[in-house]
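# Per-entry structural report
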Amino acid sequence: AGVTPMTGPLKVEIDLYPPDARVRDVDNGMKPMLDALQHARAFRNDAQIKRLEIEMRGIVPGGKAIVRIGSYERHEKEA
């Protein structure tokens, strides 16, 4: 489909919108979601992800996830 995978270290931000009010663990779907993004060629390997932020948001009928992927640059204080 003409997709060029991102290269280098990456940061990934994910907003999760559950379909209903049932209690959910924020981390349960992360590995399958990251594997699916790799399979879709968003990046070459999920080992490129150096920073991952996940936030559970409000209820949306049917549920949804918004994913933002960008280059990761290590800050001096993190070195």
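Let me begin by describing the structure that accompanies this report.

What counts and what doesn't
Residues numbered from 1 in each chain as written. Predicted model: local features only at pLDDT ≥ 70, side-chain atom pairs only at ≥ 80, totals over all residues. Heavy atoms only, no water. Helix = DSSP H or I, 4+ residues; strand = E, 2+ residues; numbered from the N terminus. Buried < 20%, exposed > 50% of the residue type's maximum accessible area, 1.4 Å probe, protein only. Contact = heavy atoms within 4.5 Å. Polar contact = N/O pair within 3.5 Å; in protein donor to acceptor, adjacent residues only side chain to side chain. Arc of directions from axis to C-beta. Core = buried A, V, L, I, M, F, W, Y, C linked by side-chain atoms within 4.5 Å.

All right, on to the overall build of the chain then. Scanning the chain for helices and strands turns up 1 helix and 3 strands. Starting at the N terminus and ending at the C terminus, the chain contains elements arranged as β-α-β-β. Counting only C-alpha atoms, the chain reaches 40 × 40 × 15 Å along its principal axes. A buried classification covers 22% of the 79 residues belonging to the chain. Excluding contacts between residues fewer than 6 apart, the proportion of contacts in the chain whose partners are at least 24 apart in sequence is 82%.

So, on to unusual backbone geometry. Phi is positive for R41, which is not a glycine, with a value near 70°. Assignment of secondary structure puts R41 in the loop between α1 (30-39) and β2 (49-56).

Positionally, D15 belongs in strand β1 (residues 10-17). Here R68 takes part through its side chain, which lies 3.1 Å from a polar atom of the side chain of D15. Aside from chain neighbours lying at most four places away, what touches D15 is E55, R57, K64, A65, I66 and R68.

With that settled, the discussion passes to the side chain of Q48. Mapped onto the secondary structure, Q48 falls in the loop between α1 and β2. There is a polar contact of 3.2 Å between the side chain of Q48 and the backbone oxygen of M6. Look past the residues within four positions of Q48 in its chain and what remains in contact with it is M6, T7, G8, P9, L10 and F43.

Given 3.6 residues per turn, any residue in an α-helix points the same way as the ones three and four places further on. Those residues of α1 that fall on the buried side of the exposure criterion are M30, L34 and L37. Buried positions in α1, seen along its axis, are confined to an arc of 60° and lie on one side of it. With respect to the buried face of α1, the exposed residues turned more than 90 degrees away are P32 and H39. If you follow the buried residues of α1, they end up packed against β1, β2 and β3 (64-71). At the C-terminal side of α1, R41 shows a positive phi close to 70°.

Our next topic: the nonpolar core. Among the nonpolar cores identified, the biggest contains 9 residues, and these are L10, V12, I14, L16, M30, L34, L37, F43 and I49. Among the secondary structure elements, those contributing two or more residues to this core are β1 and α1. Tallying contributions element by element places β1 first for this core, with 4 residues. Those residues within four positions of L37 in sequence are excluded, and the remaining contacts are A42, F43, V67 and I69.

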